[in-house]
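Examination of the molecular architecture
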Amino acid sequence: METDCIKEALPVGTRLLHIGPHKTGTTAIQGALFAAKDTMPEHGVDFPAHSRHPMEAALAACARPAMMGDTVPTDKHWTRLLDAVRATGDRTSVISSEFFADAQDDETLARIVEQLGGERVHILITLRPLARIMPSQWQQYVQNGLRMGYGDWLEHMLRKAPYEQPNPSFWRRHRHDRLVERWARVVGPERVTVVVVDDSDRDGLLRTFETLLGLPANLLRPVPDAANRSLTLAETEMLRKLNVEFRGNGLPDELYSKLVRNGAVMHMKNACSPTPQDVKITTPRWAVEAAGAIGAEMAGTIAATGVRVVGDTALLSAVPEPASEAVGKAAGVPRIAPEVAAQALYGALAAAASAPVRHSAPAKARTVHQTSSKELVRVLGHRCLKKLRRR
């Protein structure tokens, strides 16, 4: 069903809060807004965040934990963003973080809205088909330490009530009808806009933001970001199995953040581009159909809330084709290319090398061959952690 289209900008002085959720074009929007932050004020719009994505501020506001091993968000992160928002005065401003979708209760939502400006706040929610979100969200969870394979993960998310393990945040973010209802309950449906993202119109979301904010056409431009690309199935499986070893050896979370996510994975993403031969993460038909049915139900509920919906809600129940019956089998066996593995290893080594070494007193000599692999991993992990803490 085709719904409303945006023809007029929001009132001058609006504080537009884009809450995602995850995997709905948030990184593209944040990159475009940040790139235009020095130009937008000429047109009466401010981007008050000090970085492309004020993730720590959003996590602190929602009382949510950081990603595995990252710095714990504090009230200082949120206060800094609030001070920057208040400094915009009566001008229009825009804030974007998908982590606002993780807020769990009405009291938290009401506090966030009040601190950002009360009645001046307008909520923007971007949505994509659930069937397209699931593989992207799974590999993102793997980048945060998940050890479960995609098939088993789908079983848990779609077939094993209460559908909260191993990632309780998934349905908090992606039961989109309940997400819309929560925010509409706090600010009123007239101050919520839902945009259904059309993947066939690559710049459509940017044009929607321009219209809402009263910006000239084409001011917001796509910003290439290799670090945001999805992992291939082989890359994700390599990382997932590394997660199994990491947890099995009892290594600390801080090490994972430094060496794995921000070392090996980040360097691999930046240095290696997927090829047509790489096996993509494919969703079995039963899961795609289940996601489509949930999407259709969510679309109907959202329409009944009275919020403004922009785009075609039928897309929310879209079932992509083709959908294989088994993860990865239809397209071939996923194999990690030697150069990809090398870049991942180099990224971890470079991250470890960035922490200066403080040599302790000589210990009794013992060769590598006299030490078990499990003990080697544990010793290396704790040594690297000590270096990080000294920094």
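All residue numbers refer to positions counted from 1 along the written sequence of the respective chain. The predicted origin of the model limits local features to residues at a pLDDT of at least 70 and limits the giving and counting of side-chain atom pairs to 80 or more, whereas totals for whole chains, interfaces and linings rest on all residues. Working from all heavy atoms in the structure, the side-chain values ignore hydrogens and water.

Side note on unusual backbone geometry
Along the chain, Gly-20 connects to Pro-21 via a cis peptide bond; the corresponding omega equals 10°. You can see Pro-21 is positioned in the loop between strand E1 (15-18) and helix H1 (26-35). For the peptide bond that leads from Ala-161 to Pro-162, omega is 5°, which places it in the cis range. Secondary structure elements follow DSSP: runs of H or I no shorter than four residues count as helices, runs of E no shorter than two count as strands, and numbering proceeds from the N terminus. Assignment of secondary structure puts Pro-162 in the loop between helix H6 (150-159) and helix H7 (169-174). We note that Ala-63 has phi near 55°; this positive angle belongs to a residue other than glycine. As for its placement among the helices and strands, Ala-63 is situated in the loop between helix H2 (55-61) and helix H3 (75-86). Even without a glycine there, the phi angle at Tyr-163 is positive, about 65°. Tracing the chain through its elements places Tyr-163 in the loop between H6 and H7.

Concerning the pattern of salt bridges
Every case where a carboxyl oxygen of Asp or Glu lies within 4 Å of a side-chain nitrogen of Lys or Arg is listed as a salt bridge. Under the criterion given, the structure shown has 16 salt bridges. For Arg-173, the salt bridge is made with Asp-102, and the minimal N-O distance between the two is 2.9 Å. Taken together, the residues span a long stretch of sequence, with Arg-173 in helix H7 and Asp-102 in the loop between strand E3 (92-96) and helix H4 (106-116) at a distance of 71 residues. For the pair Arg-173 and Asp-102, one class covers both residues: buried. For Arg-175, the salt bridge goes to Asp-177, with nearest N and O atoms at 2.9 Å. Judged by its relative accessible area of 3%, Asp-177 is buried. Each member of the salt-bridge network shares a partner with another, and the members are Arg-128, Arg-132 and Asp-199. Only protein chains enter the accessibility calculation, which uses a 1.4 Å probe; a residue whose area is less than 20% of its type maximum is buried, one above 50% is exposed, and one in between is partly exposed.

Some remarks on the packing of aromatic side chains
For any pair of aromatic rings, the description rests on two quantities: the centre-to-centre distance and the angle between the ring planes. Two aromatic rings, drawn from Phe, Tyr or Trp (for Trp, its six-membered ring), form a pair once their centres lie within 6.5 Å of each other, and the interplanar angle then sorts them: stacked below 30 degrees, edge-to-face above 60, tilted otherwise. Counted by the stated rule, this structure contains eight aromatic pairs. Centroid distance Phe-34 to Phe-47: 6.2 Å. Interplanar angle 65°. Geometry classified as edge-to-face. A residue pair is termed long-range when its members are at least 10 positions apart, and Phe-34 in helix H1 and Phe-47 in the loop between strand E2 (45-46) and H2 qualify at 13 residues. For Phe-34, a relative accessible area of 28% corresponds to the partly exposed category. Looking at Phe-47, the relative accessible area reads 7%, which means it is buried. Their ring planes at 80° and their centres at 4.8 Å tell us that Phe-170 and Trp-171 sit as a pair that is edge-to-face. Neither residue differs from the other here; Phe-170 and Trp-171 are each classed as buried. Pairwise contacts between aromatic rings join Trp-138, Tyr-141, Tyr-150, Trp-153, Phe-170 and Trp-171 into one cluster.

A look at the packing of H4 against helix H8 (residues 176-187)
Between H4 and H8, the least distance of the axes is 9 Å, while the angle of their chain directions is 55°. Here H4 is positioned oblique relative to H8, judged by the angle of their axes. Taken as a pair, H4 and H8 cross one another with a handedness that is right-handed. Contacts between H4 and H8 pair Asp-106, Leu-109, Ala-110 and Val-113 from the former with Arg-182, Trp-183, Arg-185, Val-186 and Val-187 from the latter. Axes here mean lines fitted to C-alpha atoms, for a helix over just the part in contact, with angles spanning 0 to 180 degrees between N-to-C directions. Our angle categories are set so that under 35 degrees counts as roughly parallel, over 145 as roughly antiparallel, 65 to 115 as roughly perpendicular, and the remainder as oblique. By convention the crossing between two helices is left-handed if the near helix lies anticlockwise of the far one by an angle smaller than a right angle, and right-handed if it lies clockwise. Only heavy atoms matter for contacts: two residues are in contact if any of them lie within 4.5 Å across the pair.

Some points on the nonpolar core
In this text, buried Ala, Val, Leu, Ile, Met, Phe, Trp, Tyr and Cys residues form a nonpolar core when linked through side-chain atoms within 4.5 Å. Leu-17, Trp-78, Phe-100 and Phe-209 are the most contacted members of the largest nonpolar core, which totals 64 residues. Counting residues per element, this core draws most heavily on H2, at six residues. Among the nonpolar cores identified, the runner-up in size contains 40 residues, and Trp-138, Met-148, Tyr-150 and Ile-281 belong to it.

Considerations on the pairing of strand E5 (residues 192-196)
With five of its five residues buried, E5 lies for the most part within the structure. Residues Val-192, Val-194 and Val-196 line one face of E5 and the alternating positions Thr-193 and Val-195 line the opposite face, and both faces are buried. Taken together, the five bridges between strand E4 (residues 121-127) and E5 define a ladder with parallel strand orientation. By the bridge assignment for E5, Ile-125 is matched with Val-194. For two strands to be treated as a pair, DSSP must find at least two bridges joining them. Here E5 runs beside strand E6 (residues 308-310); their pairing, made up of three bridges, is parallel. Its bridge partner being in E6, Thr-193 is matched across the sheet by Arg-308.

Regarding the pairing of E4
Extensive coverage of E4 is indicated by the burial of seven of its seven residues. Because side chains alternate across E4, one face comprises the buried residues Val-121, Ile-123, Ile-125 and Leu-127, and the other comprises His-122, Leu-124 and Thr-126, equally buried. Bridge analysis of E1 against E4 gives four bridges, and the strand direction is parallel. Each residue of the ladder has a partner; that of Arg-15, found in E4, is Val-121.

Notes on the environment of Arg-221
When you line up the elements, Arg-221 lands in the loop between helix H9 (204-213) and helix H10 (233-248). Distance from Arg-221 to Ala-35, taken between C-alpha atoms, is 8.2 Å for residues 186 residues apart in sequence. If we skip the residues at most four places from it in the chain, Arg-221 touches Ala-32, Leu-206 and Arg-207. Pairs of N or O atoms within 3.5 Å make up the polar contacts considered here, provided that, within protein, one atom can donate a hydrogen while the other can accept it, and that residues adjacent in sequence are counted only when both atoms are side-chain atoms. Side-chain polar atoms of Arg-221 contact the side chain of Asn-218, separated by 3.3 Å.

Some points on the environment of Asp-278
Structurally, Asp-278 can be placed in the loop between helix H11 (253-271) and helix H12 (285-304). Considered as a pair, Asp-278 and Leu-233 are 45 residues apart in the sequence and their alpha carbons are 7.8 Å apart. Within the structure, Asp-278 has its side chain in polar contact with the backbone nitrogen of Thr-275 (distance 2.7 Å).

Worth remembering: the numbers are spatial, not functional.
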